[in-house]
Amino acid sequence: MDTEKITTLSTEGNIALVVGATGIAGSNLATKLIEQGWKVFGLSRNPKNNIGGLHSIAANLLSTDSLTTALNDVAPTHVFFTTWMRNDTEEENIRINSAMIRNLLDVLSPKKSVIHVSLVTGLKHYLGPFDAYAKAGTLPETPLREEMPRLDLPNFYYAQEDEVYTAASRDGFTWNIHRPHTLIGNAVGNAMNMGSTLAVYASICKHEGLPFIWPGSAEQWNGISDVTDAKILADQIIWAATTKMAHNEAFNITNGDVFRWKWLWPKIAEWFEIDFEGYNGEIKPLETRLNEKQAIWTKIAKDQNLAESDLNQLASAWHTDLDLSRPLEVMTDISKSRKLGFTAFTSTKDSFLDLFTDLRNQKLIP
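Residues numbered from 1 in each chain as written. Predicted model: local features only at pLDDT ≥ 70, side-chain atom pairs only at ≥ 80, totals over all residues. Heavy atoms only, no water.

### Side note on the pattern of salt bridges
What counts here: The working definition used for a salt bridge is a side-chain nitrogen of Lys or Arg within 4 Å of a carboxyl oxygen of Asp or Glu. Starting at the N terminus, helices and strands are each numbered in turn, a helix being any DSSP run of H or I of at least four residues and a strand any DSSP run of E of at least two. Only protein chains enter the accessibility calculation, which uses a 1.4 Å probe. A residue is then buried if its area is under 20% of the maximum for its type, exposed if over 50%, and partly exposed in between.
Tallied over the full model, the rule gives 14 salt bridges. Note that K32 and D235 form a salt bridge whose closest N and O atoms lie 2.8 Å from each other. One end of the pair, K32, is in helix α1 (residues 24-35); the other, D235, is in helix α8 (residues 230-241), with 203 residues separating them in the sequence. The class of D235 is partly exposed, set by a relative accessible area of 23%. Connected through shared salt-bridge partners, R150, E161, D162 and R179 make up one network.

Laid out in structure tokens, this is it:
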């Protein structure tokens, strides 16, 4: 291997601005940056700082006035953009989410402090936006590879990337795009949180004495899949930002292993000590079932003295249904970053079971 490819840049004096520091990706990234000696600011609309050493900033990304005031005394060297805002249509997703990045980078531009920007998107880059998600006619060949062309569909990920490219051309910073598969990690109130969604669902099944029923498609049940632990994503983001040969590249990122849901689903059921049912000929959306369970969860939370009684703060069944009902198996090629020296790996089973343990220890599930 060319040793130049794995030479890392000094992190001395680096100042990180993690945008979306309360989310799955952002909180794990902020924690790792602090552990590695970075000065870290965490920007979010409603900060809830439970990370030691994080300097929290409250700002509205849709308001340049809000950002200018909040960032008046902050001159980051590295910007890590890990957040997005869900809207009713993809056109609105494009308008709002591109504006958030554009506003932030415009406000930071006069400071001339930014040397690198990292943007976290995901596999909708290849699968299409929510309202055309993995539909027939747009199904990509798997495994998904970074060099695949953009789909001929509106997609807010493309708009976000283009804002980064435009600002990089103007201001001269380097950049990376990171495309994780489904993120597995701990964050309350996150819009796309399969791990905690399944934990809540399994806990309700146990309370009611019901089986843990597979909600998705035959293709997902039987096919090969992968997911991304939030800690692995954080590792790759930091590696890419500090490795010169990795700059100005897009990278897929997953745990590094593959699995079939028909193998993992029983193991999740076993951890919760409940029975399970696999795919039996039809999709059974989880959102339909969880929408009727707020009263049950309120009772569980009260009886077990849990920290969160609002089901919607822990579960995002709509997104779990999207992922698990895809009409194709989905796995991701991650050899591009491997060839440049990124070798982090974790077990997907451990990602889920370790998360469940954390949720239980934090009194988020019984």
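### With respect to the confidence of the model for the protein chain
Should the pLDDT be low somewhere, the predicted coordinates at that spot are not to be read in detail. The line we're drawing: In predicted models, pLDDT denotes the confidence assigned by the predictor to each residue on a 0 to 100 scale. Contacts are assigned to residue pairs that have any heavy atoms within 4.5 Å of one another.
In the predicted model, the protein chain carries a mean pLDDT of 93, and 94% of its residues have values of at least 70. Note on residues 1-6: pLDDT is under 50 here. Beyond four places in sequence and across chains, it has 9 contacts.

### Concerning the packing of aromatic side chains
As a reminder of what qualifies: When the centres of two rings from Phe, Tyr and Trp lie within 6.5 Å, Trp using its six-membered ring, the rings pair. Their planes under 30 degrees apart give stacked, over 60 give edge-to-face, and anything left gives tilted.
Under the criterion given, the structure shown has 18 aromatic pairs. Look at W214 and W265: their rings are 5.1 Å apart centre to centre, the planes differ by 90°, and that puts the pair in the edge-to-face class. Highlighted residues: W214 in the loop between β8 (212-213) and α7 (218-222) and W265 in helix α9 (residues 261-272), separated in sequence by 51 residues. Pairwise contacts between aromatic rings join Y201, F212, W214, W221, F259, W261, W265, W271, F272, F352 and F356 into one cluster.

### Quick look at unusual backbone geometry
The phi torsion of most residues other than glycine is negative, and most of the peptide bonds are trans. A cis geometry characterises the amide bond from T142 onward to P143, with omega recorded as 0°. By the element assignment, P143 lies in the loop between α4 (124-127) and α5 (156-171). Even without being glycine, K112 reaches a positive phi, approximately 55°. The residue N305 is not glycine, and still its phi comes out positive at about 55°. Relative to the helices and strands, N305 is located in the loop between α11 (294-304) and α12 (311-314).

### A look at the sheet that holds strand β11 (residues 249-253)
In plain terms, the rule: In this analysis, strands are considered paired if DSSP registers two or more bridges between them. Note on definitions: angles span 0 to 180 degrees between N-to-C directions of axes, and those axes are lines fitted to C-alpha atoms, for helices only across the stretch in contact.
An order of β3-β2-β1-β4-β5-β6-β11 is seen for the 7 strands of this open sheet, with the pairing classed as parallel. A single partner strand is all that each edge strand has here, and the edge strands are β3 (54-58) and β11. Across the sheet, the axes of successive neighbouring strands diverge by a mean angle of 20°, strand direction being ignored. When strand β1 (residues 15-19) meets strand β2 (residues 39-44), the two strands line up parallel, connected through 5 bridges.

### Regarding the nonpolar core
Stated precisely, the cut-off is as follows: In this text, buried Ala, Val, Leu, Ile, Met, Phe, Trp, Tyr and Cys residues form a nonpolar core when linked through side-chain atoms within 4.5 Å.
Counting 40 residues, the largest nonpolar core has F212, W261, I268, W297 and F352 as its most contacted members. Listed by contribution, the elements that provide at least two residues to this core are α6 (194-208), β8, α9, α10 (286-290), α11, α12, α13 (317-324) and α15 (348-361). With 8 residues, the single largest contributor to this core is α6. One finds W38, I51, L233 and F342 within the second-largest nonpolar core, a separate group that totals 31 residues.

### Examining the packing of α6 against α13
Under the convention used in this document: Any angle that is under 35 degrees is reported as roughly parallel, and any over 145 degrees as roughly antiparallel; angles of 65 to 115 degrees are reported as roughly perpendicular and all others as oblique. Note on residue categories: nonpolar means Ala, Val, Leu, Ile, Met, Phe, Trp, Tyr, Cys or Pro, charged means Asp, Glu, Lys or Arg, and polar means any other residue, Gly included.
Axis separation between α6 and α13 bottoms out at 9 Å; the angle between their running directions is 105°. In terms of their interaxial angle, α6 and α13 are classed as roughly perpendicular. Seen from α6, the contacting residues are M194, T197 and L198; seen from α13, they are A317, T320, D323 and L324. Tallied by class, residues from the contact of α6 with α13 come to 4 nonpolar, 2 polar and 1 charged.

### Focus: the environment of T357
With respect to the helices and strands, the residue T357 is situated in helix α15. As for T357 and D323, which are separated by 34 residues in sequence, their C-alpha atoms are 23 Å apart.

### A closer look at the environment of E273
The topology assignment puts E273 in the loop between α9 and β13 (276-277). Spatially, the C-alpha atoms of E273 and S169 are 54 Å apart, while their sequence positions differ by 104 residues.

### As for α13
Judged by how many residues are buried, α13 sits mostly within the fold: 7 of 8 residues are covered. Looking only at α13, the buried set comprises A317, W318, H319, T320, D321, D323 and L324. On its buried side, α13 packs onto α6, α7, α9 and α10.

### Some remarks on the pairing of β11
Taken across its 5 residues, β11 has 4 buried, putting it largely inside the fold. Sheet analysis places strand β6 (residues 174-180) next to β11, joined by 5 bridges and oriented parallel. Bridge assignment links R179 to a residue of β11, and that residue is N252.

### Here we look at the packing of α1 against α8
Put simply, the test is: Handedness of a crossing follows from how the near helix is turned relative to the far one, being left-handed for an anticlockwise turn of less than a right angle and right-handed for a clockwise one.
Relative orientation of the contacting elements α1 and α8 amounts to 60°, with a least axis distance of 8 Å. Looking at the two axes, α1 sits oblique to α8. Where α1 crosses over α8, the handedness of that crossing is right-handed. Taken together, the residues of α8 that come into contact with α1 (itself represented by I24, A25, N28, L29, K32 and L33) are A230, K231, L233, A234, D235, I237 and I238. Here the contact of α1 with α8 is composed, by residue class, of 9 nonpolar, 1 polar and 3 charged.

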